[in-house]
Amino acid sequence: DAGVIQSPRHEVTEMGQEVTLRCKPISGHNSLFWYRQTMMRGLELLIYFNNNVPIDDSGMPEDRFSAKMPNASFSTLKIQPSEPRDSAVYFCASRPRIGGLSPLHFGNGTRLTVT
Amino acid sequence: AQRVTQPEKLLSVFKGAPVELKCNYSYSGSPELFWYVQYSRQRLQLLLRHISRESIKGFTADLNKGETSFHLKKPFAQEEDSAMYYCALSGRGNQFYFGTGTSLTVIP
């Protein structure tokens, strides 16, 4: 199992540009989470999906952020337009089952720099 | 409401000394508790979970429901233990809450 796969690993873009981050969860996992990590705020949950359906997007900072999960094997997090304060590491994680004892499995993250 | 509290942002210990990373939680019902570790610029990895009652890399954690704590302990710290440690709680539905993390530095 290749684990949770995120792309790109690094993204450098200019303010105002659109950024799309991609995630492939572990096959068979039912839940997918997007987190943002910064020095100031630590790990923040942005949104999570159960069986491809968005359940809680209350952590999405503003309308510039959107996330989709068109099928069980792919999700995107889009920022449009991007701003320097969006610079962070974005992690995707998947979970074998909804709730309970199953842990989250994280991808390697995408380090986003907005100049 | 703060679900998981890690009171120490930074913790330094000498190699060979015991280490304890504190975690307290607030949750009604019976949560599932986890510890994750993140080595420099890497992904978060599951270290252990309370239900398993296991020892991973010499670390143990005991759930104390009376004190609502799940502290991570190791009797003899090693340099390779230097990392960021996150305590996490799994609740009803599919919620998964993380603490703010503790950065552990083991001094040679």
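Residues numbered from 1 in each chain as written. Chains lettered and ligands numbered in written order. Predicted model: local features only at pLDDT ≥ 70, side-chain atom pairs only at ≥ 80, totals over all residues. Heavy atoms only, no water.

1. Looking at the overall build of chain B
Threshold: Secondary structure elements are defined from DSSP: runs of H or I of at least 4 residues count as helices, runs of E of at least 2 residues count as strands, and each element is numbered from the N terminus. The globule rule used here is 2.2 Å times the number of residues to the 0.38 power, and the radius of gyration it is set against is calculated over C-alpha atoms. Note on classification: 1.4 Å probe, protein chains only; a residue is buried when its accessible area is under 20% of the maximum for its type, exposed when over 50%, partly exposed between these limits. Reported accessibility uses the Shrake-Rupley method at a 1.4 Å probe radius. Residues are deemed covered only where the shown protein chains occlude them.
Within chain B one finds zero helices and 11 strands. A globule of 108 residues ought to have a C-alpha radius of gyration of about 13 Å, and chain B, at 13 Å, matches this closely. In terms of overall dimensions, chain B has C-alpha extents of about 40 × 25 × 20 Å along its principal axes. Relative to its full complement of 108 residues, chain B shows a buried share of 44%. Carbon and sulfur atoms make up 50% of the accessible area of chain B, which totals about 5,400 Å².

2. Observations concerning the overall build of chain A
Stated formally: In this description, contact between two residues means that some pair of their heavy atoms is separated by no more than 4.5 Å. Working convention for charge: Lys and Arg count positive, Asp and Glu count negative, and His plus the chain ends are omitted. Note on charges: their place is set at NZ of Lys, CZ of Arg, CG of Asp or CD of Glu.
Helices and strands together make up the secondary structure of chain A, namely zero helices and 11 strands. For chain A, the N- to C-terminal ordering of α and β elements is β-β-β-β-β-β-β-β-β-β-β. Computed over the C-alpha atoms, the radius of gyration of chain A is 13 Å, within 12% of the 13 Å expected from 2.2 N^0.38 for a compact globule of 115 residues. Over its C-alpha atoms, taken along the principal directions, chain A stretches across nearly 40 × 30 × 30 Å. Contacts spanning at least 24 positions in sequence make up 54% of the contacts within chain A whose residues lie at least 6 apart. When the accessible area of chain A is evaluated, it comes to approximately 5,500 Å², of which 50% is carbon and sulfur surface. Here chain A holds 12 positive side-chain charges and 11 negative ones, and the gap between their average locations is 7 Å.

3. Describing the sheet that holds strand 7 (residues 65-71) of chain A
Residues and elements named next belong to chain A. Filter applied, for reference: Should DSSP find at least two bridges between two strands, the strands are regarded as paired. Where helices are involved, their axes are fitted lines through C-alpha atoms of the stretch in contact, as for all axes, and angles between N-to-C directions lie from 0 to 180°.
Ordered in space as 1-3-8-7, the four strands form an open sheet in which the pairing is antiparallel. Only two strands of the sheet have a single neighbouring strand rather than two, namely strand 1 (5-7) and strand 7. On average, each strand axis in the sheet is inclined to that of its neighbour by 15°, with strand direction left out of account. As judged from the three bridges shared by strand 1 and strand 3 (residues 19-24), these two strands associate in the antiparallel manner. Note on strand 3: the bridge partner recorded for Gln6 is Cys23.

4. Brief notes about the nonpolar core
How we decide: The criterion is simple. A nonpolar core is a set of buried Ala, Val, Leu, Ile, Met, Phe, Trp, Tyr and Cys residues joined through side-chain atoms within 4.5 Å.
Among the nonpolar cores identified, the biggest contains 25 residues, and Trp35(B), Leu72(B) and Tyr85(B) are the most heavily contacted of them. Breaking this core down by element, the ones donating at least two residues are strand 2 (10-14), strand 3 (19-21), strand 5 (32-38), strand 6 (45-49), strand 9 (83-90) and strand 11 (102-107) of chain B. Here this core takes four residues from strand 9 of chain B, the largest share from any one element. Counting 21 residues, the second-largest nonpolar core is a separate cluster that includes Val4(A), Trp34(A), Phe65(A) and Leu112(A).

5. A look at the interface of chain B and chain A
Heads up, the condition is: Buried area is calculated as the accessible area (1.4 Å probe) missing from two parts once they are joined, with the contributions of both summed. By convention in these notes, a salt bridge is any Lys or Arg side-chain nitrogen within 4 Å of a carboxyl oxygen on Asp or Glu. Whenever a nitrogen or oxygen atom comes within 3.5 Å of another N or O atom, the pair is scored as a polar contact, on the condition that within protein one atom can donate a hydrogen and the other can accept it, and that pairs from neighbouring residues in sequence are kept only if both atoms are in side chains. For this classification, Asp, Glu, Lys and Arg are treated as charged, while Ala, Val, Leu, Ile, Met, Phe, Trp, Tyr, Cys and Pro are nonpolar and the rest, including Gly, are polar.
With 20 residues of chain B in contact, the opposing surface of chain A contributes 23 residues. Counting the surface lost from both chain B and chain A, the interface buries some 1,700 Å², and carbon and sulfur atoms represent 52% of this. At the boundary of chain B with chain A, the tally comes to zero salt bridges. Between the two partners, chain B and chain A, sit five residue pairs in polar contact (both at pLDDT 80 or more). When contributions to the side of chain B that touches chain A are tallied by element, the ones reaching two or more residues are strand 5, strand 6, strand 9 and strand 10 (96-98) of chain B. Here the side of chain B that touches chain A takes four residues from strand 5 of chain B, the largest share from any one element. Residue classes in the side of chain B that touches chain A are distributed as eight nonpolar, seven polar and five charged.

6. A closer look at the packing of aromatic side chains
Stated precisely, the cut-off is as follows: Centres within 6.5 Å make a pair out of two Phe, Tyr or Trp rings, where for Trp the six-membered ring is used; the pair is then stacked when the planes are under 30 degrees apart, edge-to-face when over 60, and tilted otherwise.
Throughout the structure, instances matching the rule amount to 13 aromatic pairs over all chains. Ring geometry for Phe106(A) and Tyr36(B): centres 5.7 Å apart, planes at 80°, overall edge-to-face. Within this pair, whereas Phe106(A) is found in strand 10 (residues 105-106), its partner Tyr36(B) is found in strand 5, the two belonging to separate chains. Each member of the pair, Phe106(A) as well as Tyr36(B), is classed as buried. Grouped by ring-pair contacts, the aromatic residues Phe33(A), Tyr35(A), Tyr48(A), Phe91(A), Phe106(A), Phe34(B), Tyr36(B), Tyr86(B), Phe96(B) and Phe98(B) constitute a single cluster.

7. Some words on the sheet that holds strand 3 of chain B
All names here are of chain B. Strand order in this open sheet of three strands is 3-8-7, and the pairing throughout is antiparallel. Lying at the two open borders of the sheet, with one neighbouring strand each, are strand 3 and strand 7 (60-61). By the bridge criterion, three bridges tie strand 3 to strand 8 (residues 72-74) in an arrangement that is antiparallel. Bridging across to strand 8, Leu21 finds its partner in Leu72.

Any link to function would need more than the numbers given here.
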